[in-house]
Amino acid sequence: MITLTVNGEARQYDGDGDMPLLWFLRDLLTLTGTKYGCGKGLCGSCTVHLNGTAVRSCVITMDAANGAEVTTIEGLSPEGSHSLQIAWAKHDVPQCGYCQPGQIMQAASLLESNASPSDEEIKDAMSGVICRCGTYQRIEKAIKFVAGGES
């Protein structure tokens, strides 16, 4: 039996330990904010926090998540009141929106470990989450806004 905490709630899974965490979240828990993109951990659309660290849930197995605390975009703030979610709206970040949960989860992890990142630190931290619409400047502006560096 695999046990983990998802968005503050204890969960159990008694299936294939090689199944990706992403499918557990989306298919079994119906937490569909976390997106499937490439399935190889390269695009970042499936980013969640595992014990407080941003990870790609498509390449984390259920066995590897055993005993962990997982936070998805739904757990960051169900009502959309997290400072990054507000900044995303204020700075008109999303276009298609597909990558945005991964972008926000990656940014939240960055700001948790570095409350005042430099431009270069933001670019480095966010480089693993691909935005096919190319809203990178707005993403960076929203992160700087939350960090207190821009209006």
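This write-up is about the structure you can find in this document. (Residues numbered from 1 in each chain as written. Predicted model: local features only at pLDDT ≥ 70, side-chain atom pairs only at ≥ 80, totals over all residues. Heavy atoms only, no water.)

A word on the overall build of the chain
For clarity, the threshold we go by: Going along the chain from the N terminus, every DSSP run of H or I of four or more residues is numbered as a helix, and every run of E of two or more is numbered as a strand. Each residue gets one of three labels from its accessible area relative to the maximum for its type: buried under 20%, exposed over 50%, partly exposed in between, using a 1.4 Å probe on protein chains only. Between two residues, a contact is recorded if the distance between any of their heavy atoms is within 4.5 Å. Using the Shrake-Rupley algorithm and a 1.4 Å probe, accessible areas are obtained, with residue cover drawn only from the displayed protein chains. None of His or the chain ends enter the tally, which takes Lys and Arg as positive and Asp and Glu as negative. By convention, the point assigned to a charge is CZ for Arg, NZ for Lys, CD for Glu and CG for Asp.
Within the chain, the regular secondary structure consists of seven helices and five strands. In sequence order, the secondary structure elements of the chain are arranged as β-β-α-β-β-α-β-α-α-α-α-α. Buried residues in the chain amount to 44% of all 151 residues. Restricting to contacts in the chain with at least 6 residues of sequence separation, those with at least 24 account for 58%. Summed over its atoms, the accessible surface of the chain is roughly 7400 Å², and 46% of this surface lies on carbon and sulfur atoms. The centroid of the 11 positive side-chain charges in the chain is displaced by 10 Å from the centroid of its 17 negative side-chain charges.

Re helix α4 (residues 83–90)
What counts is decided by this rule: In this context, the arc is that of the directions from the helix axis out to the C-beta atoms.
Looking at α4, one finds that the buried residues are Leu-84, Gln-85, Ala-87 and Trp-88. Viewed end-on, α4 has its buried residues packed into an arc of 160 degrees, placing them on one side of the element. At its buried positions, α4 is contacted by α3 (73–76), α5 (100–113) and α7 (136–147). Looking at the residues trailing α4, positive phi occurs at Asp-92, about 50 degrees.

Considering helix α1 (residues 21–28)
Of all the positions in α1, only Leu-21, Leu-22, Phe-24 and Leu-25 are classed as buried. On its buried side, α1 packs onto β1 (2–6), β2 (9–13), β3 (47–50), α2 (62–65) and β5 (69–71). In the segment just after α1, Thr-30 is the residue with positive phi, at about 55 degrees.

Digging into the sheet that holds strand β4 (residues 53–56)
Stated precisely, the cut-off is as follows: A pair of strands is treated as paired once DSSP finds two or more bridges between them. Helix axes are fitted only over the stretch in contact, all axes being lines through C-alpha atoms; the angle between N-to-C directions runs from 0 to 180 degrees.
In space, the five strands of this open sheet follow the order β2-β1-β5-β3-β4, with mixed pairing throughout. A single partner strand is all that each edge strand has here, and the edge strands are β2 and β4. Averaged over all pairs of adjacent strands, the angle between strand axes in this sheet comes to 40 degrees, irrespective of strand direction. Pairing between β1 and β2: five bridges, direction antiparallel. Across the sheet, Ile-2 pairs through a bridge with Tyr-13, a residue of β2. Across the sheet, α5 touches β3, β4 and β5, and the angle it forms with β3 is around 35 degrees.

Observations concerning the packing of α5 against α7
Describing two packed helices takes the angle between their axes plus the distance from one axis to the other. Applicable threshold: Rotating anticlockwise by less than a right angle from the far helix to the near helix defines a left-handed crossing, while the corresponding clockwise rotation defines a right-handed one. Under the scheme applied here, ten amino acids are nonpolar (Ala, Val, Leu, Ile, Met, Phe, Trp, Tyr, Cys and Pro), four are charged (Asp, Glu, Lys and Arg), and all others, including Gly, are polar.
At a minimum axis distance of 11 Å, the contact between α5 and α7 shows a crossing angle of 35 degrees. Seen from above, α5 lies across α7 with right-handed handedness. When α5 is examined against α7, the residues Gln-100, Gln-103, Ala-107, Leu-110 and Leu-111 are found in contact with a partner set consisting of Tyr-136, Ile-139, Ile-143, Val-146 and Ala-147. Of the residues belonging to the contact of α5 with α7, the class tally is eight nonpolar, two polar and no charged.

Side note on the environment of Cys-43
Positionally, Cys-43 belongs in the loop between α1 and β3. Taking the C-alpha atoms as reference points, Cys-43 and Gly-128, separated by 85 residues in sequence, lie 6.4 Å from one another.

On their own, these measurements won't tell you what the molecule is for.
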